[in-house]
Amino acid sequence: MIDVDVEEAIQRIKNHKSIQSIVLIDAEGKVFRSGYGSDQKGEAENIAKYIPILAHKARSLVRDLDPTNDLSFLRIKTKLNEILIAPDKDFLIIVIQGPKKQGDDDA
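Treat the numbers as computed from the prediction; the structure is a model and nothing was measured.

Novice: Give me the side chain of glutamate 82: which residues, what numbers.
Specialist: As for its placement among the helices and strands, glutamate 82 is situated in strand E4 (residues 82-87). Among the polar contacts made by the side chain of glutamate 82, one reaches the side chain of arginine 75 at a distance of 2.9 Å. Discounting chain neighbours no more than four positions away, the residues touching glutamate 82 are Arg75, Ile76, Lys77, Val95, Ile96 and Gln97.

Novice: For the sheet that holds strand E3 (residues 74-77), give the residues involved together with the corresponding values.
Specialist: Reading across the sheet, the 5 strands line up as E2-E1-E5-E4-E3 and stay open at both edges, with antiparallel pairing between neighbours. Of all strands in the sheet, those bounded by a partner on one side alone are strand E2 (31-34) and E3. Neighbour-to-neighbour, the strand axes of this sheet turn through a mean angle of 15°, independent of strand direction. As judged from the 7 bridges shared by strand E1 (residues 19-26) and strand E5 (residues 91-97), these two strands associate in the antiparallel manner. The partner of isoleucine 25 across the bridge, within E5, is leucine 92. Contacts between helix H1 (residues 4-14) and the sheet are confined to E1, E2 and E5, with E1 contributing the most and set at about 155° to the helix. Together, E1, E2, E3, E4 and E5 form the strand contacts of helix H2 (residues 41-65), whose direction differs from that of E5 by roughly 115°.

Novice: How would you summarise the pattern of salt bridges if you had to cite specific residues and measurements?
Specialist: Inspection of the entire model under this criterion finds 3 salt bridges. A salt bridge links aspartate 70 to arginine 59; the shortest N-O distance between them is 2.9 Å. Taken together, the positions of aspartate 70 in the loop between H2 and E3 and arginine 59 in helix H2 put the pair 11 residues apart, joining distant regions of the chain. With a closest N to O distance of 3.2 Å, aspartate 70 and arginine 63 form a salt bridge. When its relative accessible area of 40% is taken as the criterion, arginine 63 is described as partly exposed. Among the charged side chains, a network of salt bridges with common partners joins Arg59, Arg63 and Asp70.

Novice: I'd like a description of a negative patch on the surface, backed by residues and values.
Specialist: There is a patch of like negative charges on the surface, built from Asp3, Asp5, Glu8, Asp88 and Asp90. Mapped onto the elements of the fold, glutamate 8 is located in helix H1.

Novice: Break down the layout of surface pockets for me, with residues and values.
Specialist: Roughly 240 Å³ of volume is contained in the second largest pocket. Residue lining of the second largest pocket: 16 residues in total, with Ala27, Pro52, Arg59, Asp88 and Leu92 positioned closest to the centre. If you list the elements that add at least two residues to the lining of the second largest pocket, you get E1, H2 and E5. The leading source of residues in the lining of the second largest pocket is H2, at 4 residues. In the lining of the second largest pocket, the residues fall into 8 nonpolar, 2 polar and 6 charged.

Procedures and definitions
- Residues numbered from 1 in each chain as written.
- Predicted model: local features only at pLDDT ≥ 70, side-chain atom pairs only at ≥ 80, totals over all residues.
- Heavy atoms only, no water.
- Helix = DSSP H or I, 4+ residues; strand = E, 2+ residues; numbered from the N terminus.
- Polar contact = N/O pair within 3.5 Å; in protein donor to acceptor, adjacent residues only side chain to side chain.
- Contact = heavy atoms within 4.5 Å.
- Pairing = 2+ DSSP bridges.
- Axes fitted to C-alpha atoms, helices over the stretch in contact; angles between N-to-C directions.
- Salt bridge = Lys/Arg side-chain N within 4 Å of Asp/Glu carboxyl O.
- Buried < 20%, exposed > 50% of the residue type's maximum accessible area, 1.4 Å probe, protein only.
- Patch = residues over 30% accessible without salt bridge, like charges linked within 9 Å, V, L, I, M, F, W, Y side chains within 5 Å.
- Areas by Shrake-Rupley, 256 points an atom, 1.4 Å probe, with all protein chains shown as cover.
- Lys, Arg positive; Asp, Glu negative; His and termini not counted.
- Charge placed at Lys NZ, Arg CZ, Asp CG, Glu CD.
- 1 Å grid on protein atoms, 1.4 Å probe; cavity = no way out; pocket = protein on both sides within 12 Å on 5 of 7 lines; lining within 4 Å.
- Points joined across faces, edges and corners; volume = space filled by probe spheres on them.
- Nonpolar A, V, L, I, M, F, W, Y, C, P; charged D, E, K, R; others polar.

See below:
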């Protein structure tokens with residue numbers, strides 16, 4: 001399902017200090033990989049429930065504005081963290097990133 005390039009990208013992302021979790025959701029909206037432990041399974045399920053809806057609406061908005069364009073990345077910043085969403089035709093990669101502290105430079 002996931003090719004080697006995506007697998008390598010996931011490993012690189014995991015190495016950043018501020019990454020709290022990575023969740024991969026298939027086209028049917030089911031979590032097939034999660035960085036959340038079994039005690040936080042509800043977090044992954046909430047992400048799988050709501051983030052695909054938001055990503056779909058964002059993609060529709062982009063296409064409504066310009067039918068030749070498409071959503072490639074969505075970043076949501078909250079008071080507590082950032083949610084990074086990379087849609088693909090077969091799955092969504094969702095990264096939950098904690099706040100960067102002054103002087104941190106993971107990028």
